[in-house]
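The lines below spell out each chain.
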Amino acid sequence: MKKTRFDRGNLKYYALSVLSVSLLLLAWFVYSSSANAILSTPMEVIERFAGVIRSPIAGTSLAGHIWASLKRVLTGFIVASAIGIVLGICFGWFETFRDIVWPIFSIIRPIPPIAWIPLVILWAGIGETAKIIIVFIACVMPVVLNTFAGIESADPLLLDAGKVLGANSRQMLLSVALPDSIPTIIAGMKNALSTGWMAVVGAEMVVAREGVGFLIISGMDNLDISLVLVSIVIIACISACLTFILNRMEGVLCPWLKLENK
Amino acid sequence: MPEDKVIVNNLTKKFGDLLVLDDVSFTIGKGEFVCLVGPTGCGKTTFLNLLVKLIEPTAGEILIDGEPADPKRHSLSFVFQEPSAFPWLTVEDNIKFNLRIKKFPKNVIEERTEQMLKLVGLTQQRKLYPHQLSVSAEQRIVIARSFAMFPDLLLMDEPYGQMDIKLRYYLEDEVLRIWRETGSTVIFITHNIEEAVYLSQRCLVMSSKPTTVKTIRTIDLPYPRNVADPAFISIRQEITDMIKWW
Ligand SMILES: Nc1ncnc2c1ncn2[C@@H]1O[C@H](COP(=O)(O)OP(=O)(O)O)[C@@H](O)[C@H]1O
Ligand SMILES: [Mg+2]
């Protein structure tokens, strides 16, 4: 088995990660302990975290805030994945569709999702829908782009194989091009989830009464720097969890990638 | 002479300025086993690609059963030179791929799959993915996939090039068996003259570029052939001498 080499590589990686994170914490500690630092110490942040768990903020518990944000992200993400995959397939497979719609898409694509916030609020109000739309805009781009790229760059040899085996064009798409693109599409979805998470925090910082973005803003409004830092750490942790879950899903959905040792 | 399965009329193919096939004409009879031999780069793969319409000829035509090839209607299989198993399908799902595409009945699909797994010795590995196997095993998946539908026209492009001798001998006998049992027409490309003489009823010897068919050598030795037979050796030598290898 080749396992030992892999393990040793991992060990070094973990050791260095622990070292660098420890150094960061140390630097934080040293700086924040100095007399005129505008930053809470790690202890204060931990205390604040305990406080947040015990008493609700603006009438909502910490779990409630996290769930509010997650719900927005997941709703926007799922809708964006469904629409994005279909749109990406259309771009990759139907030339006329691509020629007509791609220019429009290219104009919209570089606009940062949070730039849409004012317009979306005007159209959709300040309720949940507005935030979900912002997440949707953020998520849909990477899904479309990766699906498009995956379909367009499907292995020509496999396409030829499908063709000479007698596949019609629908079978070529669904049984050859699409499965060949799944790894690329999943990479796009991973990307989408992290941009969606960034967008929801942005949207909540502008208009919300619950959610992790709202926590940051209420920390800022009350000059509660510990709360701001607690929120940032929570945001980072959830982002890491989401990535972890998607990585696991990738293994389940693409077993032919996970087992690539001969 | 049985009726013609494949008719090649004045076939010419250029890639830009590169003239690959130059006014090639020949016919292949129904149920015939034909080998195409020629030096690397002479246009053997190009010919098969033209035959199944993956690329279009510059001039001339190729007909299967008197009409242009259409894989959706004609019963044909193609073993490409490079391994072309679908990486996202397990060994057995790869073998089932064209049976499913061609909508064979369920029981036939199951039965053929078992038969083919056994034939290429992958029954144990049926649930594995191609990447978990060696290149030669991946090629065996593709061979099983092509044999599985008992095609009327079986096209094989240097299928055994990656394999060790023992496996090659075994699969040469298997392709002969499938050919005999199903009455299919086989076009088999190889640059291994011994393999060509062992397998084919007729051997098309191609010249190097621009390629024409130099000779069509009929090989009327009875099957199974013996590579040590003096008649076998003399035909092998004769064909080897015909080809300008570089
Ligand atoms: N798509 C292509 N574009 C340009 N040249 C090609 C293409 N395909 C094949 N050729 C050229 O045509 C010649 C014949 O190639 P090929 O049919 O693959 O030879 P063989 O299978 O006999 O080894 C080679 O010189 C090759 O470089
Ligand atoms: Mg070739």
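Trainee: I tried to follow a nonpolar patch on the surface on my own but got confused; where do I start?
Mentor: Residue and element names in this part refer to chain A. Taken together, Leu16, Leu19, Leu23, Leu26, Phe29, Val30 and Met43 make up a surface patch of nonpolar side chains, about 690 Å² in accessible area. It is helix α1 (residues 3-33) that provides the largest number of residues to the nonpolar patch, a total of 6 residues. Mapped onto the secondary structure, valine 30 falls in helix α1.

Trainee: Would you mind going over the domain arrangement of chain B with me for this structure?
Mentor: Interface size is commonly expressed as the accessible area that is lost once the parts come together. Residue and element names in this part refer to chain B. For chain B, the assigned domains read domain 1 (1-75 + 162-246) and domain 2 (85-150). Domain 1 and domain 2 are separated by 25 Å when their C-alpha centres are compared. With 14 residues of domain 1 in contact, the opposing surface of domain 2 contributes 12 residues. Carbon and sulfur atoms supply 74% of the area that domain 1 and domain 2 bury against each other, a total of about 1,000 Å² over both sides.

Trainee: Is there a simple way to explain the sheet that holds strand β2 (residues 18-29) of chain B in this structure?
Mentor: The pairing of strands in a sheet comes from backbone hydrogen bonds and takes either a parallel or an antiparallel form. All names here are of chain B. Across the sheet, 3 strands lie side by side as β2-β1-β4; this open sheet has antiparallel pairing. The two strands at the open ends of the sheet, each matched to only one other strand, are β2 and β4 (59-64). On average, adjacent strands in this sheet sit at an angle of 15° to one another, irrespective of strand direction. Here strand β1 (residues 4-15) runs beside β2; their pairing, made up of 8 bridges, is antiparallel. Bridge pairing in β2 links lysine 13 to leucine 21. Across the face of the sheet, helix α1 (residues 44-51) comes into contact with β1, β2 and β4 while running at roughly 120° to β1.

Trainee: Can you walk me through the coordination of the magnesium ion (ligand 2) in this structure?
Mentor: Angles at a metal have ideal values that depend on geometry: 109.5 degrees with four tetrahedral donors, 90 or 180 degrees with six octahedral donors. Residues and elements named next belong to chain B. Ligation of the magnesium ion (ligand 2) by protein atoms is provided by Thr45 (OG1) and Gln81 (OE1), these donors lying 2.0 to 2.3 Å from the ion. Linking threonine 45 in helix α1 with glutamine 81 in the loop between β5 (76-79) and α2 (91-101), this pair joins segments that are 36 residues apart in sequence. Residue threonine 45 is classed as partly exposed on the basis of its relative accessible area of 29%.

Trainee: When you look at the site of ligand 1 in this model, what are you seeing that I'm missing?
Mentor: Residues and elements named next belong to chain B. Around ligand 1 sit Phe15, Leu18, Val20, Thr40, Gly41, Cys42, Gly43, Lys44, Thr45, Thr46 and Lys209, and those are all the residues in its vicinity. At a separation of 2.6 Å, an oxygen atom of ligand 1 approaches a polar side-chain atom of threonine 45. Bound to the protein, ligand 1 loses 61% of the 560 Å² it would expose on its own. With 3 residues, the single largest contributor to the shell around ligand 1 is α1. Classifying every residue of the shell around ligand 1 gives 4 nonpolar, 5 polar and 2 charged.

Trainee: What should I look at first to understand the nonpolar core in this one?
Mentor: Side chains that are nonpolar tend, in soluble globular proteins, to be buried together. With 89 residues, the main nonpolar core has Phe47, Leu51, Phe86 and Ile187 of chain B as its most contacted residues. No other element matches helix α8 (residues 169-206) of chain A, which puts 13 residues into this core. Both domains that furnish three or more residues to this core are identified here as domain 1 (1-75 + 162-246) and domain 2 (85-150) of chain B. With residues near it in sequence (within four places) discarded, phenylalanine 86 of chain B still touches Leu158, Ala161, Gly162, Leu165 and Val176 of chain A together with Asn94, Phe97, Pro130 and Arg145 of chain B. Grouped together as the second largest cluster of nonpolar side chains are 49 residues, Leu154, Met163, Leu176 and Leu221 of chain B included.

What counts as what
- Residues numbered from 1 in each chain as written.
- Chains lettered and ligands numbered in written order.
- Predicted model: local features only at pLDDT ≥ 70, side-chain atom pairs only at ≥ 80, totals over all residues.
- Heavy atoms only, no water.
- Patch = residues over 30% accessible without salt bridge, like charges linked within 9 Å, V, L, I, M, F, W, Y side chains within 5 Å.
- Areas by Shrake-Rupley, 256 points an atom, 1.4 Å probe, with all protein chains shown as cover.
- Salt bridge = Lys/Arg side-chain N within 4 Å of Asp/Glu carboxyl O.
- Helix = DSSP H or I, 4+ residues; strand = E, 2+ residues; numbered from the N terminus.
- Domains from an automatic or database assignment.
- Contact = heavy atoms within 4.5 Å.
- Buried area = accessible area lost by both parts, 1.4 Å probe.
- Pairing = 2+ DSSP bridges.
- Axes fitted to C-alpha atoms, helices over the stretch in contact; angles between N-to-C directions.
- Donors = N, O, S within 2.8 Å, 3.2 Å for Na, K, Ca; no water.
- Buried < 20%, exposed > 50% of the residue type's maximum accessible area, 1.4 Å probe, protein only.
- Near = heavy atom within 4 Å.
- Polar contact = N/O pair within 3.5 Å; in protein donor to acceptor, adjacent residues only side chain to side chain.
- Nonpolar A, V, L, I, M, F, W, Y, C, P; charged D, E, K, R; others polar.
- Core = buried A, V, L, I, M, F, W, Y, C linked by side-chain atoms within 4.5 Å.

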